[in-house]
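Remarks on the overall topology
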Amino acid sequence: MSKETVDVLVSGGKATPAPPIGPALSPLGVNVVNVVKEINDKTSIFAGMEVPVKIVVDTDTKKFTISVGTPPVTSMIKKEMKLEVLSKVKEDKTRTVAGSISLDAVIRIAKSKDSIRGGLVAKVKQVIGTCQSSGVLVDNKNPKDIIQEINEGKIKIE
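Described below are features of the structure shown in this document. From a predicted model like this one, the values you see are computed outputs, not experimental measurements.

Our focus in this paragraph is the environment of Leu120. Within the secondary structure, Leu120 sits in helix H5 (residues 120–134). Overall, Leu120 belongs to the partly exposed group, its relative accessible area being 24%. Placed 39 residues apart in sequence, Leu120 and Met81 show a C-alpha to C-alpha distance of 22 Å. Not counting the four nearest positions on each side in its chain, Leu120 is found in contact with Ala110, Lys111, Ile157 and Glu158.

Looking now at the sheet that holds strand S3 (residues 64–68). Reading across from one edge, S1-S2-S3 is the order of the three strands in this open sheet, with antiparallel pairing throughout. The sheet terminates laterally at strand S1 (3–11) and S3, the two strands that pair on one side only. Averaged over all pairs of adjacent strands, the angle between strand axes in this sheet comes to 20°, irrespective of strand direction. Sheet strands touched by helix H2 (residues 32–43): S1, strand S2 (50–58) and S3. Its angle to S3, the strand with the most contacts, is close to 25°.

Moving on: helix H4 (residues 103–112). Listing the buried residues of H4 in full gives Leu103, Ala105, Val106, Ile107, Ile109 and Ala110. Buried residues along H4 sit in contact with helix H3 (73–81), strand S4 (99–101), H5, strand S5 (136–138) and helix H6 (143–151).

Before going further, it helps to examine the packing of H3 against H4. The geometry of H3 relative to H4 is characterised by a closest axis approach of 11 Å and an angle of 145° between their N-to-C directions. Seen from above, H3 lies across H4 with right-handed handedness. When H3 is examined against H4, the residues Val73, Met76, Ile77 and Glu80 are found in contact with a partner set consisting of Ala105, Arg108, Ile109 and Ser112. Taken together, the residues that form the contact of H3 with H4 break down as five nonpolar, one polar and two charged.

This paragraph deals with unusual backbone geometry. Residue Pro19 is joined to Pro20 through a cis peptide bond whose omega torsion reads 10°. For Pro20, the location among the structural elements is in the loop between S1 and helix H1 (21–25). Located in the positive-phi region is Lys82, a residue other than glycine, with phi close to 55°. In this structure, Lys82 sits in the loop between H3 and S4. On the basis of relative accessible area, Lys82 is assigned to the exposed category, the value being 74%.

About the criteria used
- Residues numbered from 1 in each chain as written.
- Predicted model: local features only at pLDDT ≥ 70, side-chain atom pairs only at ≥ 80, totals over all residues.
- Heavy atoms only, no water.
- Helix = DSSP H or I, 4+ residues; strand = E, 2+ residues; numbered from the N terminus.
- Buried < 20%, exposed > 50% of the residue type's maximum accessible area, 1.4 Å probe, protein only.
- Contact = heavy atoms within 4.5 Å.
- Pairing = 2+ DSSP bridges.
- Axes fitted to C-alpha atoms, helices over the stretch in contact; angles between N-to-C directions.
- Left-handed = near helix turned anticlockwise from the far one by under 90°.
- Nonpolar A, V, L, I, M, F, W, Y, C, P; charged D, E, K, R; others polar.

Take a look at the structure:
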């Protein structure tokens, strides 16, 4: 019993048999349309976000299993802020501010990410770090200031 694994990143609920899925699965002999349908069913709750998907194919029986991960933190921030793109770096190497996200939204994102190691405080700090590198303020403050307030105990994460 031989198994092949294919890892792809798809737009939630909008996977197609086009690359990267079709070319990766066709040589394995599975029904690509059925795989895409199941992926779309399982990822529809993540509409508008990029979602990591793992497809495991039994090459003998041609049966497959699909496991869906959670979207990357940046995708979750974009969805929360209702933005297509986060900040951009201008020609003079300065970064534009994409906007502000609430600390409550950051905590929700952190709680949903099993892939981030550590306790809730560590997860929140990591999501805030992503905000920092993406030009996103947290409660209209610089993300570094929020992390400092967490470290000093001024902000409690529960």
